[in-house]
Amino acid sequence: MTSAGTPLLEARNCSLRFGGIAALTDVSLRIDKGELVGLIGPNGAGKTSLFNILTGVYRPTDGEVLLEGRPVTGLAPHRINRLGVARTFQNIRLFGSLDVRMNVRTSFIARLRGGLLEVVRRGKKFRSEEREIQEEGRRLLAYFGLEEASILPSRSLPYGDQRRLEIVRALATRPRLLLLDEPAAGMNPTEKEELKQLIARIRAEFGTAILLVEHDMKVVMGICERLVVLDRGSLLATGTPAEVRADPKVIAAYLGEQHGEEES
Amino acid sequence: MFHSSKALIRNPRLALAVGIGIAVLLQLGGGWIDPYTTQVVLFAAINVILAVSLNLVMGETGQFSLCHAAFMAVGAYTSALLTGKALPTLLPHLSWTGSSWASQVFFLPVLLIGGFVAALSGFIVGGPSLRLRGDYLAMVTLGFGEIIRVLLQNANFVGGARGMEGILPATNLFWAVGFAVLTVYTMIALVRSTYGRGFQAVRDDEIAAAAMGIDTTRVKVTAFVIGAFFAGVAGGLYAHAVEFISPEGFNFLRSFEIIVMVILGGLGRPVGVAIAAILITLLNEWLRDLSQYRMVVYALIIILFMILRPAETLRPLLSRVLPGRKSAAS
């Protein structure tokens, strides 16, 4: 609840049920322009389900999703992406047979102007468009330090670089909102530190709002302006990291758990 | 990858000129080629078109299609009806023999119309069914292939199960080789572009592709329709080469043979697939003398091919022979 006006993305009373199982119950969430929001919660709290609703992978059983006030509930994932929401995946989903450059280049397909015939004819329009895309892709890779890897198969990159490439690929679609699904999963402390810097650079350079799902409390507490806590499919708390950390419900459900038994 | 093709890809006019040049040379200077060899070259060229176009669907886009022969049938019957019935009725004063100028001039639009009708049928099957994945898509395409075959068997105006005979022998080396070159060029040009990477993105990870703004259904339908178009053209060439077509010639086994070419050539490698198509055509011819043991030996050779993967063994050798190939860093 930082600022007034139309939020960039808003989920209103979203519920998601698979048969008898309620993955999400009455969850609301708002993200303002340029904001960095952390989404946390124990395993199985519904974080990825909420992500999948926001990106159109699932249609919520109830509730709606608004992008700058426009309803986008249940739109196909590619349409939501074209409206300015890009994402990464918890389990990395790069295009394994394509090299690093080509992975980034796929993000430009939705914006191509030339038709198929133009591609086959290799006309002037095609060539200049390809050059522009190549140039922008190269710039992005250079900015994120992946330029030297550009012709390597994406599969062969070290783990941390694969995560980074996924973020670059998402950014290449020029999103206004970037959803990062556990970007620090499986990273070592150095890589986590680099990730925090990377997120800060994305915000500074592109002004992109970010919704960050993360298990690692150090990463989340350190960089997020606002936290949303989910537990068992429901909203448990929202607020600044300090507020959330002091919230007894959160401590009981989440933070306490780190010292106690692990819930799965 | 064959980098020697790069110069040709960069310059489409050069690529097409070279291809059409070869086709013209074969046609004009090929008088010494005996009819049997001509026939084998025609079959090889037609198989190249079929295999390379199926490769776009199976190899590049990763969609398992079992009805490529059905698209071929649509093109074959459409074009045979045009040259056999429509054209002679509309223009009765012209001479309609295989090598007459009229049949040669009208052969191009006839082939293209055959391709377009096949593409349309590809759109009709692909539109609804490409939302399905893997096994389910295979089932639907298998079903479509059978539907086409049964429909043709029961359509008396195209001869039913007896088929159509006396088709104008308009296919010659120029048309067959020309279209084979055109198809290979189109497929390589298509895939080597930002647009074309979409096919491969869909193959690698459909969910990620959609999340990057790619309309995956549309990409798949596009691949399917383009594949069907070229299969239809190949069907037209085939009908006018063998002069006789019947529904049985376009059954599931025919589709399967094309699939074998694609897998053998290496999914997603147009040049490899074209070579495999030529090799299998030759294999078919060589094994003719074995009569009833033919399919056994054929299967054994295919299995050996799969195990030994000659394409991968030969690649380093080819790189020494072919000019203009550089390391992967280029």
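Residues numbered from 1 in each chain as written. Chains lettered and ligands numbered in written order. Predicted model: local features only at pLDDT ≥ 70, side-chain atom pairs only at ≥ 80, totals over all residues. Heavy atoms only, no water.

Moving on to the confidence of the model for chain B. All names here are of chain B. For chain B, the average pLDDT comes to 86, and 89% of its residues sit at 70 or higher. The lowest-confidence element of chain B is helix H1 (residues 5-10), averaging 58 in pLDDT; the highest-confidence one is helix H10 (residues 216-242), averaging 95. Every residue in residues 322-330 scores below 50 in pLDDT, and together they form 17 contacts with partners more than four places removed in sequence or on other chains. (pLDDT = per-residue confidence, 0-100. Helix = DSSP H or I, 4+ residues; strand = E, 2+ residues; numbered from the N terminus. Contact = heavy atoms within 4.5 Å.)

This part is about the interface of chain A and chain B. Between chain A and chain B, the residue contacts involve 32 residues of the former and 30 residues of the latter. When chain A packs against chain B, close to 2600 Å² is buried across both sides, 67% of that on carbon and sulfur atoms. Among the ionic pairs, A:Arg93 bridges to B:Asp205, the shortest N-O distance being 2.9 Å. Applying the counting criterion to the chain A and chain B interface returns 12 residue pairs in polar contact (both at pLDDT 80 or more). Only helix H2 (77-82), helix H3 (100-105), helix H4 (116-121), helix H5 (124-143) and helix H6 (159-171) of chain A provide two or more residues apiece to the side of chain A that touches chain B. Considering only residue class, the side of chain A that touches chain B consists of 17 nonpolar, seven polar and eight charged. (Buried area = accessible area lost by both parts, 1.4 Å probe. Salt bridge = Lys/Arg side-chain N within 4 Å of Asp/Glu carboxyl O. Polar contact = N/O pair within 3.5 Å; in protein donor to acceptor, adjacent residues only side chain to side chain. Nonpolar A, V, L, I, M, F, W, Y, C, P; charged D, E, K, R; others polar.)

The next thing to look at is the domain arrangement of chain A. Where interface size is given, it is often the accessible area lost as the parts come together that is meant. Residue and element names in this part refer to chain A. On domain assignment, one finds that chain A holds domain 1 (9-84 + 175-259) and domain 2 (93-158). Using C-alpha coordinates to define each centre, domain 1 is positioned 29 Å away from domain 2. Residue-level contacts link six residues of domain 1 with four residues of domain 2. For the pair domain 1 and domain 2, the two sides together bury roughly 500 Å², of which 65% comes from carbon and sulfur. Between domain 1 and domain 2 we count zero salt bridges in total. Summed over the shared surface of domain 1 and domain 2, the result is two residue pairs in polar contact (both at pLDDT 80 or more). Of all the elements, helix H7 (residues 189-206) adds the most residues to the side of domain 1 that touches domain 2, at five residues. Residue composition of the side of domain 1 that touches domain 2, by class: three nonpolar, no polar and three charged. (Domains from an automatic or database assignment.)

In this section: unusual backbone geometry. Residue and element names in this part refer to chain A. Positive phi values are uncommon outside glycine, yet Arg 122 reaches one of about 55°. Residue placement: Arg 122 occurs in the loop between H4 and H5. Judged by relative accessible area, Arg 122 falls into the buried class, the value being 7%. Non-glycine residue Arg 174 carries a positive phi angle of around 55°. Structurally, the position occupied by Arg 174 is in the loop between H6 and strand E7 (177-181). (Buried < 20%, exposed > 50% of the residue type's maximum accessible area, 1.4 Å probe, protein only.)

Looking now at the sheet that holds strand E9 (residues 226-231) of chain A. All names here are of chain A. Ordered in space as E6-E7-E8-E3-E9-E10, the six strands form an open sheet in which the pairing is mixed. What marks the edges here is a single partner per strand, and that holds for strand E6 (85-87) and strand E10 (234-239). Taking each pair of neighbouring strands and ignoring which way they run, the sheet shows an average axis angle of 20°. As judged from the five bridges shared by E9 and E10, these two strands associate in the antiparallel manner. Across the sheet, the residue bridging to Leu 230 is Leu 235, located in E10. (Pairing = 2+ DSSP bridges. Axes fitted to C-alpha atoms, helices over the stretch in contact; angles between N-to-C directions.)

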